[in-house]
Amino acid sequence: MYRYIAQRLLLLVVTLIGVATITFFLSRVLPGSPVEMMIGFHPTAEQIAAAKKELGLDQPLHRQYVRFVSEAIRGDFGISLRTKQPVVEEIGRRSLATIELTLLTTLLLVVVGVPIGVISAVHSNSPVDHTVRTLSIAGVAFPVFIVGMLLQMLFYGKLGWLPLQGRLSSEVYLDHPFDRVTGMFLIDTLLARDYVAFRDAAAHIVLPLATLTLVTLPLVTRITRNLMMEVLQEDYVRTALAYGMPRRVVYYRYALKAMLIPLMTVVGLTLGFLLGGSVVVEFVFDWPGLGGYVARSIAASDFPAAVGVTLVLASAYLTVNLVVDLLYFVADPRLRRA
Amino acid sequence: MSEEVLAIRDLRIEFPELFRTVEAVRGADLSVRRGEIMGLVGESGCGKSMTAMACLGLVPPPGRVSGHVSVDGFEVVGRPDRELLPVRGGLAAMIFQNPGKALNPFFTIGRQLTDVIRLHHRHGERESREVALEALRSVHLPDPEIALGRYPHQLSGGQLQRAMIAMALACEPKVLIADEPTTALDVTIQAQVIVLLRELADARGLTILFITHDLGVVGSLCDRVSVMYAGRVVEVGSVRDVLESPAHPYTRKLLATVPKLGDGHSELAFIPGQVPDMAFPPSGCAFHPRCERASPVCTKSDPDGRDLGAMHRVACHHAHGGGETEAPGTANGAPAR
Amino acid sequence: MSTLEADVGGLAPAWTGAHRWKRIRHFVGSHPLFVIGLTVFLVIVVAALAAPWIATHDPLAIKFSEKLQAPSAEHYLGTDSMGRDIFSRVLYGARTSLMVGVVVVGLAIGIGLPMGLLAAYFGGRIDTTMMRIADVFLAFPPLLLPIAITAAIGAGLFHAMVALAISWFPWYARIMRSSVLRVKSELYVSAARAMGVNHTNVMIRHAVPNALTPVVVQGSLDFGYVILAAASLSFIGIGAQPPDIEWGLMAAAERAKFLDFPWTVLCPGLAIFVTVLAVNLVGDGIRDLLDPKHQEFK
């Protein structure tokens, strides 16, 4: 088991280095070099030389590569070209907004999506199942940004119930200072017992949360349903039924226990979709997290920032999936050492 | 004559699909008497496993069941799930082909046995453990105390099948339905399981419906045997009658596929033709496309069962036996061209 | 992906012989969603091809005097904030999206198949290395890899397409590899090899057709997702750039005032939805047709 963990950790590092390598070489091989991005269209020779020196581009390629990777491993992604701040600090400032959003979404997906998938599987080919399947076929065809904008039109434009975008109203931001203990506003405002600010933060997160949940829901119910269907076809489910176990107990105690393991995979996979989707959602709702930041950085040709954030997001995803894989050992007696 | 523990009359099981209906069982009759071991034999897809599931009211949706199945006098067909719970495991217990998969990998053997025991007897925790231990001892599982704490993956296939049988016995069912319990096991383990079942039947008067595609196993274990083809029972009789003087052409061909030691047969016999598509079974006798005795009447009418001897019934227009002499080519059961 | 490799195993036999037409006819009758999807998709293709003749206006003509008009007889879907006719732009946008789908899936297949073939053919260290590289790509969350690659090579429609293709090719490499490996193991015991038939030739002749079915299935399922992903990239500003006519970009451009002029955003958004839905229905249908084992909801 420890050997397996060690192997997986090694693989994680190798994969990350691979990811860094790919981004590095792509940025050097394909048209649109960082220099052009950095200084615009009609640079002077001195500007180019200065920029190359700053980015280390005057060095031979393999030197550049070693430097890039070793700095990236240490978490040094350079200075953002747009804000002139170290990229690491920018990431630190924004990551918790993304974590707050994705964590809450994951929670919501587990609470809502998984039961829908399970019910759909238990009552397969019933009207409930058909409805769920039809909705999820339609659901995956919706672009994330349209879902977000539709919600904005309805709940801000038509009903006026919820704010359009952002993480806090400016009045609340100015009048209700609270300590950024965790960086997650919902928790921080509660810790500060500032309920006005809490309500404001909660109102702001509803729409991004709903958007991200809605676009990921079809995926989660679909995977959950398939996993549950597989479990229900297992021989041991038939055995339990053949020995007079009530269906309710078999489905929701026995089969769900078997679902626990694949369920963790669902959560891990979902996180991947969430990280991708959060880029668009944060952009739509002006959510001050990593996703919106990376989009704007790419659009503004801020190479160090963009590469830094994507590497961080990728490592987060890989780490979570590693943890999920390791949890298998806890949940599945077959994998535990006898 | 002793009473029937399991009585199946005109059982039909259909699976409606979008543009067709698969008739898995088409009017099967079967009767198992107290204390006997009845073999149920047929190729895969003939409906024997579905018949077994019908005994517990566990035909999976969208299957439609009609006819009669009574377990120890309790009519199963048409009952709601709730009323069937005491039947499952309590009146009729089932053991399955692949014990490694049929037991839940996430629970210990002990937990699975005691769960089932507590479901059917109002025993406390400790009492059910005692019952479970006793059951494990009765199937000669080594170190039953240790086995209770083991997960299925920690036991061998043979041990698991013993544990499975113990689980079935623990609730003291009226009939044990064994659905190909030896098929997935090694030959030596197979023999052990069969010896065990024979022993349990002799010692406890256990009634067993033993489902298999292997007539060889039937010969060494069963008292009587029913042969199933395309959803019907085509021949039934004592093991001796059926194996020594098979009356139905299908039974004869099935017998010919059993490899005999020292027979000098190098090639494996097989039955020519295909198992019929159960959505569109052949007209008349379902076996006629594969039968060398088939005559025009076979394509038109499905034969009813008729008695050949005291306990020997066959459903065939041109059954063997009854003084008829056989063509030399078919005497040994070799497929005629 | 063990499921993928298992799929490859079971495909070929069910899909040969005289049953083919009967099966297709039966299939069409029993899959109304597939028929609807295919019809809609064909309409979109025709509309995209015939855009210059169907379009009522020049999609690029800016006319500030007519900006932000509601849908009318003159402008079927209204105009955007620069007075451009949205109906015409949606039509031309179909060209972009379909082109993106074809190019990205085509590129992914073009990179993936040879890679899978080489990996499986040479085996050993080359195989390991190539598959490790593929794993690195597969280790990324879905939309994030294209974003990362665009981060490295800069924004733009072409870059976004390259980025998407690079993130997609490992799937095809895996399909091809497992197909070749299977043929290879069959050849190992077959007479063809023993008789000294040029086995490279035999292998390619067997492996490529075998891989074709799963590749078509995968490709048709990917097509819709690629269109969606490309629209998302364009929307957040790292895909298509003006003057490209692209649905995601159209929606993004009207972000400032969309609450008052919803049609400016809803029309391109709906176009994406309808296209992707149609493509997905066709993809699901193709999978069910070619791969009967997968009738379930995967």
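Let me begin by describing the structure that accompanies this report. Everything numeric in this text was worked out from a predicted model, so none of it was measured. (Residues numbered from 1 in each chain as written. Chains lettered and ligands numbered in written order. Predicted model: local features only at pLDDT ≥ 70, side-chain atom pairs only at ≥ 80, totals over all residues. Heavy atoms only, no water.)

**Some remarks on the packing of helix 5 (residues 87–122) of chain A against helix 10 (residues 195–232) of chain A**
Residues and elements named next belong to chain A.
Then, number 1: Following both chains from N to C, one finds helix 5 and helix 10 inclined at 40°, their axes separated by 6 Å at the closest point. Relative to helix 10, the crossing made by helix 5 is right-handed.
Then, number 2: Across the contact of helix 5 with helix 10, the residue classes tally to 19 nonpolar, eight polar and two charged. (Axes fitted to C-alpha atoms, helices over the stretch in contact; angles between N-to-C directions. Helix = DSSP H or I, 4+ residues; strand = E, 2+ residues; numbered from the N terminus. Left-handed = near helix turned anticlockwise from the far one by under 90°. Nonpolar A, V, L, I, M, F, W, Y, C, P; charged D, E, K, R; others polar.)

**Some details on the nonpolar core**
Then, number 1: Among the nonpolar cores identified, the biggest contains 270 residues, and F145 of chain A together with F235 of chain C are the most heavily contacted of them.
Then, number 2: Broken down by element, this core gets its largest block of residues, 18 residues, from helix 12 (residues 247–284) of chain A.
Then, number 3: Summarising the domain contributions, this core has at least three residues from each of domain 1 (2–73) and domain 2 (92–337) of chain A.
Then, number 4: Core analysis: the next-biggest nonpolar cluster, separate from the first, contains seven residues, L117, M176, V180 and A207 of chain C among them. (Core = buried A, V, L, I, M, F, W, Y, C linked by side-chain atoms within 4.5 Å. Buried < 20%, exposed > 50% of the residue type's maximum accessible area, 1.4 Å probe, protein only. Domains from an automatic or database assignment.)

**What about the interface of chain B and chain A?**
Then, number 1: On the side of chain A, 22 residues touch chain B, which itself brings 31 residues to the contact.
Then, number 2: Taken over both partners, the interface formed by chain B and chain A buries close to 2400 Å², and the fraction arising from carbon and sulfur atoms is 66%.
Then, number 3: Its largest share of buried area at the contact with chain A, chain B owes to F96, F106 and H153 of chain B, together 25% of the area lost on that side.
Then, number 4: The tally of links from chain B across to chain A stands at one salt bridge.
Then, number 5: For R247 of chain A, the salt bridge is made with D81 of chain B, and the minimal N-O distance between the two is 2.7 Å.
Then, number 6: In this assembly, chain B and chain A are joined by eight residue pairs in polar contact (both at pLDDT 80 or more).
Then, number 7: Of all the secondary-structure elements, those providing two or more residues to the side of chain B that touches chain A are strand 6 (92–95), helix 3 (99–102), helix 4 (109–120) and helix 7 (157–170) of chain B.
Then, number 8: A per-class count over the side of chain B that touches chain A returns 20 nonpolar, six polar and five charged. (Contact = heavy atoms within 4.5 Å. Buried area = accessible area lost by both parts, 1.4 Å probe. Salt bridge = Lys/Arg side-chain N within 4 Å of Asp/Glu carboxyl O. Polar contact = N/O pair within 3.5 Å; in protein donor to acceptor, adjacent residues only side chain to side chain.)

**Things to note about the packing of aromatic side chains**
Then, number 1: All chains considered together, the criterion is met by 15 aromatic pairs over all chains.
Then, number 2: Their ring planes at 20° and their centres at 4.2 Å tell us that F142 of chain A and F273 of chain C sit as a pair that is stacked. Within this pair, whereas F142 of chain A is found in the loop between helix 6 (127–139) and helix 7 (144–158), its partner F273 of chain C is found in helix 12 (residues 263–290), the two belonging to separate chains.
Then, number 3: F142 of chain A sits in the partly exposed class, given a relative accessible area of 25%.
Then, number 4: Judged by relative accessible area, which is 15%, F273 of chain C ranks as buried. (Phe/Tyr/Trp six-rings, centres within 6.5 Å; stacked < 30°, edge-to-face > 60°.)

**Let's talk about a nonpolar patch on the surface**
Residues and elements named next belong to chain A.
Then, number 1: A grouping of L107, L108, V110, V111 and V112 is seen on the molecular surface, where their side chains present a nonpolar patch of about 380 Å² in accessible area.
Then, number 2: The residue V110 is located in helix 5 in this model.
Then, number 3: Overall, V110 belongs to the partly exposed group, its relative accessible area being 32%. (Patch = residues over 30% accessible without salt bridge, like charges linked within 9 Å, V, L, I, M, F, W, Y side chains within 5 Å. Areas by Shrake-Rupley, 256 points an atom, 1.4 Å probe, with all protein chains shown as cover.)

**Some points on the pattern of salt bridges**
Residues and elements named next belong to chain C.
Then, number 1: With the rule as written, the count across this model stands at 33 salt bridges over all chains.
Then, number 2: A salt bridge links D80 to R84; the shortest N-O distance between them is 3.0 Å.
Then, number 3: Residue class for D80 comes out buried when judged on its relative accessible area of 3%.
Then, number 4: Residue R84 is classed as buried on the basis of its relative accessible area of 11%.

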